[in-house]
Amino acid sequence: MKHEKEAAGFRLARLEVSILEELVAILRDDVSNPDLENVRVTAVVLSVDYKSARVHFVIPHGASRPTIERAPERAPPFVRARLWEASGL
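Before going into details, it helps to say that this report is about the structure given with it.

Criteria and cut-off values
Residues numbered from 1 in each chain as written. Predicted model: local features only at pLDDT ≥ 70, side-chain atom pairs only at ≥ 80, totals over all residues. Heavy atoms only, no water. Salt bridge = Lys/Arg side-chain N within 4 Å of Asp/Glu carboxyl O. Helix = DSSP H or I, 4+ residues; strand = E, 2+ residues; numbered from the N terminus. Buried < 20%, exposed > 50% of the residue type's maximum accessible area, 1.4 Å probe, protein only. Contact = heavy atoms within 4.5 Å.

### Quick notes on the pattern of salt bridges
Evaluated as defined, the whole model comprises three salt bridges. Of the charged contacts, one joins R82 and E85 as a salt bridge, the two residues approaching to 2.7 Å between their closest N and O atoms. With a gap of three residues between them, R82 and E85 both fall in helix α3 (residues 76-87), about one helical turn apart. Exposure remark for R82: the relative accessible area of 24% places this residue in the partly exposed category.

Structure (structure tokens):
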């Protein structure tokens, strides 16, 4: 039983890293919103059931924090679609 929990934890961590790498690539290559241009994604934290994720990011110095914090709220459908495509499912 302990082995299954360790494997699930490893799988979760691996998936978090994969999503992080893909988000970085999406922001770099596919997002044309200038508000997100210099935003750096630092971590992805998945829920245990994989149904939701919290994305941590760093806002560039001198940038308008409220503007940048609202920008990702408008992007989820596009980002979800790109992540789905990248997953190959």
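Right, picking up where we left off after that structure.
### Some thoughts on the environment of I68
Within the secondary structure, I68 is located in helix α2 (residues 65-74). Since its relative accessible area comes to 4%, I68 is described here as buried. Remark: the alpha-carbon pair of I68 and N33, spanning 35 residues in sequence, is separated by 9.9 Å. Beyond its immediate chain neighbours, meaning those up to four positions away, I68 contacts D35, L36, V39, F57, I59, P60 and A63.

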